[in-house]
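Structural description and commentary
Letter by letter, the chains look like this.
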Amino acid sequence: MKEFDVVVIGGGPGGYVAAIRAAQLGFSTACIERWIGEDGNPALGGTCLNVGCIPSKALLDSSHHISFLKHEAKEHGINSSGITVDVHKMIKRKSGIVKTLTQGISGLFKKNNIEWLQGSGKLITNTQIEITPIHNKAEAYTVSAENIILATGSVPFNIPPAPVDNDMIVDSTGALKFTGVPRRLGIIGAGVIGLELGSVWSRLGSEVVILEALDEFLPSVDRQIATSAEKILRKQGLEIRLGTKVTGTGSNNREVTVIYEADGEKQQISFDKLIVAVGRKPNTDGLGAEQAGLELDQRGFIIVDENCKTNLENVYAIGDVVRGPMLAHKASEEGVAVAERIAGKPGHINYDVIPWVIYTWPEIAWVGKTEQALKQEGIEYQSGSFPFLASGRARALGTTEGMVKVLSDARTDRILGVHILGPGASELIAEAVVTMEFEGSAEDLARTIHGHPTLSEVVHEAALAVDNRAIHF
Ligand code: FAD
Ligand code: AMP
């Protein structure tokens, strides 16, 4: 039986990063991964690289170019009449990016001497794992590990009223490989994934209707930002129906009919395709949790303490399969921290300073507390905001919608939250994250020189605005 210091189950951004860090720290390391890529070959990278963050951003970027050509190019003096979209090529480009990146991870594994055990891993005990190859008919075998890191991720949540048939009704994975632009596209769920996929297909020409059970749009986002974002997205053509609970669907091979409740009445609407984007659930299928005595909570998440330790000795769990936000960077940071803890190092994660991004256009990004959370918790705060409208760089770019809002402690001025709706928000938020990680104040940001003309000046001005001294507004 092969023996390793560390065996990781799952090769997504949690698992592959944990494996690389463990190898860097001198451990003999293996990573078990069962994913089969679009080309039929085993692939590393998990949800994020294969069917999540990366392919969705590839399509968001491609479709953003089209949106620019259709709606904004003229203003720049660019005549873009007669543009056509080759969806097949766009999807092929996306698949190419995925392949390059997933192959890149396998290159990193080779470089770091990490053994990729291709197949499905099942816990036998806290030191033994059985691997069943799934891409060939090889026999199952067992390896032993001094330490095990479970990073089995998550899978789309399915709801009984809308069973995914991968034809008329698809989940986020199916929505990344439509072969044409559906004329009428329904989406269940106005969460991050629903809004991003809705943006892609709406920009490509679909009439998109998003059905959301909750009455409030993006409830976990700062209210001011969410309200502005909702207006902008509606203006772009996304029809967002809040307070709309889907209770049933029916489809033939031409259209899918969705039955829903809204305003106390039963109603229905038909689409050419329906995307179910109602969230994701932890993936412990086939992991052997019960047999090995691994504790799961009622929703199926592996129970861990603040150090990602499970109830089994020397068995850790990280990423989407444990509590906390289902975000790739959270998974990766937990992976690094656990590898370091195994090596006897401190392994640090600051769960209060995890950035969130929604890649609509303009983008939405935030870190820390929202204004409504501060009010609810009775924390006294001060606020400064600045609109992109007053930024020279945003004007030059031609994208002036949105704002930056900085919230800081009323007494100490320590930054408690930063909320951005605007161009480049996904990159701009990093400045806020770093400042918060160093427990910086709004004044620290305000006294820091920002290049001109840049979008980051909007962050600077918002920090100045906390003390009522923004210059350009
Ligand atoms: P995963 O990436 O799910 O990886 C788990 C891996 O474990 C999988 O490859 C699976 O095959 C493997 N596995 C499971 N069980 C076994 C087993 N028993 N044996 C062997 N292998 C096994 N997050 C962001 O931060 N930014 C984004 O922009 C973003 N966009 C997204 C867009 C979409 C459409 C989706 C669906 C998700 C997006 N996410 C995004 C979320 C992100 O993909 C996840 O948070 C991230 O992938 C979690 O990483 P993980 O390593 O925990 O799990
Ligand atoms: P997220 O969890 O951010 O991916 O968002 C998923 C969204 O889907 C949530 O806002 C849910 O309220 C919404 N949702 C879940 N079930 C239904 C349903 N049956 N009808 C409409 N919306 C739903």
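Residues numbered from 1 in each chain as written. Chains lettered and ligands numbered in written order. Predicted model: local features only at pLDDT ≥ 70, side-chain atom pairs only at ≥ 80, totals over all residues. Heavy atoms only, no water.

Examining the site of ligand 1
Applicable threshold: Residues are counted as near a molecule or strand when any one of their heavy atoms sits within 4 Å of it. Two N or O atoms form a polar contact when they lie within 3.5 Å of each other; inside protein one atom must be a possible hydrogen donor and the other a possible acceptor, and for residues adjacent in sequence the pair counts only when both atoms belong to side chains. Per-residue accessibility takes into account occlusion by the displayed protein chains alone, with areas from the Shrake-Rupley method and a 1.4 Å probe. The numbering of helices and of strands both runs from the N terminus, where a helix is a DSSP run of H or I of at least 4 residues and a strand a run of E of at least 2. As a working rule, the residues Ala, Val, Leu, Ile, Met, Phe, Trp, Tyr, Cys and Pro are called nonpolar, Asp, Glu, Lys and Arg charged, and the rest polar, with Gly in that last group.
Around ligand 1, the structure places 38 residues, and the nearest of them are Gly-14, Glu-33, Thr-47, Lys-57 and Gly-121. Here an oxygen atom of ligand 1 sits 3.5 Å away from a polar atom, N or O, in the main chain of Ser-154. A total of 1,000 Å² of accessible area belongs to ligand 1 in isolation, and the protein chains cover 95% of it. By residue number, the principal contributor to the shell around ligand 1 is helix H2 (residues 46–51), which donates 4 residues. Grouping the amino acids of the shell around ligand 1 by side-chain chemistry returns 14 nonpolar, 19 polar and 5 charged.

Observations regarding the domain arrangement of the protein chain
What counts here: Boundary definitions for the domains trace back to an automatic or database domain assignment. Two parts placed together each lose some accessible area; with a 1.4 Å probe, that loss summed over both constitutes the buried area. By definition, a salt bridge exists where a carboxyl oxygen of Asp or Glu is found within 4 Å of a side-chain nitrogen of Lys or Arg.
Per the domain assignment, the segments making up the protein chain are domain 1 (2–156 + 281–349), domain 2 (169–278) and domain 3 (354–465). Centre-to-centre separation of domain 2 and domain 3, based on C-alpha positions: 29 Å. Interface of domain 2 and domain 3: buried area, both sides summed, is about 1,500 Å²; carbon and sulfur atoms make up 63% of it. Considering only the surface of domain 2 that becomes buried against domain 3, Asp-222, Ile-225 and Ile-232 emerge as the three largest contributors, covering 35% of it. Along the contact surface separating domain 2 from domain 3 lie 2 salt bridges. A salt bridge links Lys-235 to Glu-401; the nearest nitrogen and oxygen atoms lie 2.9 Å apart. Where domain 2 packs against domain 3, one counts 8 residue pairs in polar contact (both at pLDDT 80 or more). For the side of domain 2 that touches domain 3, the secondary structure elements donating two or more residues are helix H6 (192–203) and helix H7 (223–235). If one sorts the elements of the side of domain 2 that touches domain 3 by residue count, H7 sits on top with 8 residues. A breakdown of the residues in the side of domain 2 that touches domain 3 according to their chemical character gives 9 nonpolar, 5 polar and 5 charged.

Describing helix H4 (residues 87–111)
What counts, and what does not: A helix is expected to span 1.5 Å multiplied by its residue count minus one. When a residue's accessible area, from a 1.4 Å probe over protein chains only, is under 20% of the maximum for its type it is buried; when over 50% it is exposed; and in between it is partly exposed. In this analysis, two residues are considered to be in contact whenever any of their non-hydrogen atoms come within 4.5 Å of each other.
For H4, spanning 25 residues, the distance from its first C-alpha to its last is 36 Å, which sits close to the expected 36 Å at 1.5 Å a residue. Within the span of H4, buried status applies to Val-87, Met-90, Ile-91, Lys-94, Val-98, Thr-102, Ile-105, Ser-106 and Phe-109. Against the buried residues of H4 lie helix H1 (15–24), strand S2 (29–33), H2, helix H3 (53–71), strand S3 (115–118) and H6. At the C-terminal side of H4, Asn-113 shows a positive phi close to 55°.

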